[in-house]
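Structural overview
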Amino acid sequence: MKKTLFFLLCTALQISVSGQSRTGSWGDQANGTYINPLLNADYSDPDVIRVDNKYYMVCSEFHFMGMPVLESDDMINWKIVGKVYENISFPGYDTNEKYGRGSWAPSIRFHENKFWIYFCTPDEGLFMSSSSKAEGPWEPLVLVKGIAGWEDPCPFWDDNGTGYLGHSKVGAGPIIIHKLSPDGKQLLDDGVTVYTGPVAEGTKIHKLNGYYYLSIPEGGVERGWQTILRSKTIFGPFEKKVVLEKGSTSINGPHQGSLVDTPNGEWWFYHFQSDGAMGRVVHLQPVTWQDGWPVVGVDIDRNGIGEPVYVWKKPDIKGDFKITAPQTDDDFNLSSLGLQWQWNHNPVNSHWSLTEKPGMLMLKALKAENFTKARNTLTQKVMGTTGEAVTEMDLTGFADGQKAGLCSMGGRNTSLLGVIRKGGQLYVFTEKNGKTTGEKIIKSKRIYLKVQLDIKGAKNQFFFSLDNKQFNQFGESFTTYAGYWKGTRVGLFSFNETNENGSAAFNWFTYNYDGPKGIK
């Protein structure tokens with residue numbers, strides 16, 4: 001009970017720390033407007049659909065397991081409601097050799113009262129899963145086509161029920177469309193190339209007023225734009241129009257996402273922006289239609305191409321919607337992990353538990369030569385550019401050679417704050433890219449680890465405490481980075497450099513940040 005009360009108190013204090021209710025420097029502003037990025041987190045390559053009065057989102061997760069499904073009632077406030085898979089059962093995912101591989105640019109659709117998700121891995125091929133509910137359970141991943149070099153698939157079912165699937169190839173382009181079997185698990189032909197363009201990828205297929213529309217990002221991650229193709233037949237020939245570009249704004253590469261309508265006929269476009277260490281954050285643009293073409297954002301310079309907005313009126317959706325955001329905190333009191341957590345590569349399920357020490361997450365150490373190779377590192381996306389994450393770790397199960405604690409990771413750049421046991425003695429330590437940068441002997445059965453994040457200022461800092469009252473700055477400030485196609489993350493780790501002994505038990509994890517945060 002004390003633990004629960006303390007956790008709730010910390011959460012309440014963090015939510016109200018600014019004196020505002022639950023708003024922040026991005027997302028819902030509680031005054032009828034929102035600020036972009038709508039989700040200032042690495043929900044890269046977002047795909048969004050509407051089903052009746054609810055909206056659903058998926059994104060690329062690459063080597064992190066597995067793929068979350070988000071839900072919204074108002075297109076602005078989102079929460080995670082499901083997860084499509086927990087592992088990818090192919091070589092390399094059990095040995096941390098698939099950094100930057102894994103799931104690329106998924107699509108989510110709703111057809112015949114089921115959700116369908118398709119994605120490609122660049123080495124293994126085209127996968128799908130389906131479920132009658134976004135929360136799951138999702139059917140085990142089906143390998144639709146075993147092939148290397150494909151990316152960014154999207155299914156489409158025509159008015160007569162005929163199924164199709166579009167995709168591109170790694171390196172971007174061309175856009176190829178296949179016929180799809182009724183069960184969605186086979187491609188029925190070799191496909192037709194319908195478009196070749198500059199780094200053309202991420203196609204989404206729509207049909208409206210007798211036209212087939214292909215919504216395609218072009219030009220590359222950091223400098224790209226959004227193109228729309230349209231034709232009276234699904235295989236073309238297609239007309240072409242650029243509908244969104246950076247223009248005079250500071251929003252680089254505004255592209256790759258989803259056109260979505262509301263029940264009352266408004267249209268909107270979700271897309272990403274590549275934003276340094278944050279990864280690819282999510283923006284939302286208003287859409288109007290002119291001469292059968294979407295105009296995305298606002299055409300500031302009147303060149304016929306839209307530009308991204310920074311602040312805009314929220315979609316006209318009736319209802320009283322609470323401010324929410326994807327989950328971050330976890331008190332580890334439930335029988336399952338919070339849906340925000342993602343393993344680095346496939347987990348070893350025999351070496352973590354929420355029941356061996358009820359109310360705590362136990363990570364049993366597996367042998368690894370370094371953090372990059374360590375199994376069962378549990379991560380979540382960084383939310384916003386400033387914030388603070390804190391965890392309590394029980395040290396009574398430590399063994400010699402074991403390291404465990406709190407991490408910041410992005411690409412090949414890793415920063416650790418944790419405890420190591422050597423010769424029967426415990427030391428708090430910091431580590432940067434595998435090199436120890438600080439070490440101090442401690443005598444305690446528990447420790448509190450904290451990271452303060454200032455990602456844009458490149459002044460991230462670790463702290464530790466033995467009483468959760470007085471926190472001591474430890475180690476030098478560090479810079480975070482994106483890498484392997486993903487933004488920087490925070491997480492929990494436990495591994496042993498010499499044997500497979502030892503365990504670390506985490507009592508709770510709280511994360512406050514500069515954006516909107518709903519109350520549990």
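Reference entry: report on the structure contained in this document. Quick caveat: nothing in here was measured; it's all calculated off a predicted structure.

Definitions and cut-offs
Residues numbered from 1 in each chain as written. Predicted model: local features only at pLDDT ≥ 70, side-chain atom pairs only at ≥ 80, totals over all residues. Heavy atoms only, no water. Pairing = 2+ DSSP bridges. Helix = DSSP H or I, 4+ residues; strand = E, 2+ residues; numbered from the N terminus. Axes fitted to C-alpha atoms, helices over the stretch in contact; angles between N-to-C directions. Salt bridge = Lys/Arg side-chain N within 4 Å of Asp/Glu carboxyl O. Buried < 20%, exposed > 50% of the residue type's maximum accessible area, 1.4 Å probe, protein only. 1 Å grid on protein atoms, 1.4 Å probe; cavity = no way out; pocket = protein on both sides within 12 Å on 5 of 7 lines; lining within 4 Å. Points joined across faces, edges and corners; volume = space filled by probe spheres on them. Nonpolar A, V, L, I, M, F, W, Y, C, P; charged D, E, K, R; others polar. Phe/Tyr/Trp six-rings, centres within 6.5 Å; stacked < 30°, edge-to-face > 60°. Lys NZ or Arg CZ within 6 Å of the ring centre and 35° of its normal. Polar contact = N/O pair within 3.5 Å; in protein donor to acceptor, adjacent residues only side chain to side chain.

Quick notes on the sheet that holds strand S22 (residues 280-290)
- In space, the four strands of this open sheet follow the order S20-S21-S22-S23, with antiparallel pairing throughout. This sheet does not close on itself; its edge strands, each paired only once, are strand S20 (255-261) and strand S23 (293-296). The sheet shows a mean angle of 35 degrees between the axes of neighbouring strands, direction not considered.

Some details on the pattern of salt bridges
- According to the stated counting rule, one finds 30 salt bridges in the structure shown.
- Ionic pairing is found between Lys 240 and Glu 218, a salt bridge with its closest N-O pair at 4.0 Å. Here Lys 240, found in strand S19 (residues 239-244), pairs with Glu 218, found in strand S17 (residues 211-218); they are 22 residues apart in sequence, far enough to count as distant.
- For Lys 240, a relative accessible area of 48% gives the class partly exposed.
- A relative accessible area of 0% means that Glu 218 is categorised as buried.
- Salt bridges linked by common partners bring Asp 42, Glu 61, Lys 381, Lys 486 and Arg 489 together as one network.

Observations regarding empty space enclosed by the protein
- Scanning the model with the defined rule gives four cavities of 30 Å³ or more in all.
- Taken together, the residues that form the lining of the largest cavity break down as six nonpolar, five polar and one charged.
- His 63, Phe 64, Tyr 99, Met 409, Gly 410, Gly 411, Gly 483, Tyr 484, Lys 486, Gly 487 and Arg 489 together form the lining of the second largest cavity.
- Of the residues that constitute the lining of the second largest cavity, the class distribution is four nonpolar, five polar and two charged.

Observations regarding the packing of aromatic side chains
- Tallying each qualifying case throughout the model produces 27 aromatic pairs.
- These aromatic residues form a ring-pair network of at least three members: Tyr 85, Phe 90, Phe 119 and Phe 127.
- It is Arg 230 that lies over the ring of Tyr 211; its NZ or CZ is 4.5 Å from the centre.
- In this structure, Lys 232 packs its charged tip against the face of Tyr 211, placed 4.2 Å from the ring centre.

Quick look at the layout of surface pockets
- The calculated volume of the largest pocket comes to roughly 600 Å³.
- Broken down by secondary-structure element, the contributors of at least two residues to the lining of the largest pocket are strand S3 (47-51), strand S8 (104-111), strand S12 (150-157), strand S16 (204-208) and S20.
- For the lining of the largest pocket, the per-class residue count stands at 13 nonpolar, three polar and six charged.

What to know about unusual backbone geometry
- Between Met 65 and the following residue, Gly 66, the backbone shows a cis peptide bond with an omega angle of -10 degrees.
- Among the secondary structure elements, Gly 66 is positioned in the loop between strand S5 (64-65) and strand S6 (68-72).
- The omega torsion of the bond from Gly 136 to Pro 137 falls at 5 degrees, within 30 degrees of zero and hence cis.
- Not every positive phi belongs to a glycine, and Phe 332 is a case in point at roughly 60 degrees.
- If you trace the backbone, Phe 332 turns up in the loop between strand S24 (311-313) and strand S25 (342-344).
- Classification of Phe 332 as buried rests on a relative accessible area of 1%.

Examining the pairing of strand S35 (residues 446-454)
- In the sheet, strand S30 (residues 386-394) pairs with S35 via nine bridges, with the strands oriented antiparallel. Opposite Met 393, over in S35, you have Ile 447 as the bridge partner.
- Bridge count between S35 and strand S36 (residues 460-465): five bridges; the pairing is antiparallel. Across the sheet, Leu 449 pairs through a bridge with Phe 464, a residue of S36.
- The antiparallel hairpin formed by S35 and S36 contains five residues in its connecting segment, where Ala 458 sits at a positive phi of about 55 degrees.

A short note on the environment of Asn 370
- Note that Asn 370 resides in the loop between strand S28 (366-367) and strand S29 (378-381).
- Residue class for Asn 370 comes out partly exposed when judged on its relative accessible area of 28%.
- Taking the C-alpha atoms as reference points, Asn 370 and Ile 147, 223 residues apart in sequence, are found 32 Å from one another.
- At 2.9 Å, the side chain of Asn 370 forms a polar contact with the backbone nitrogen of Lys 373.

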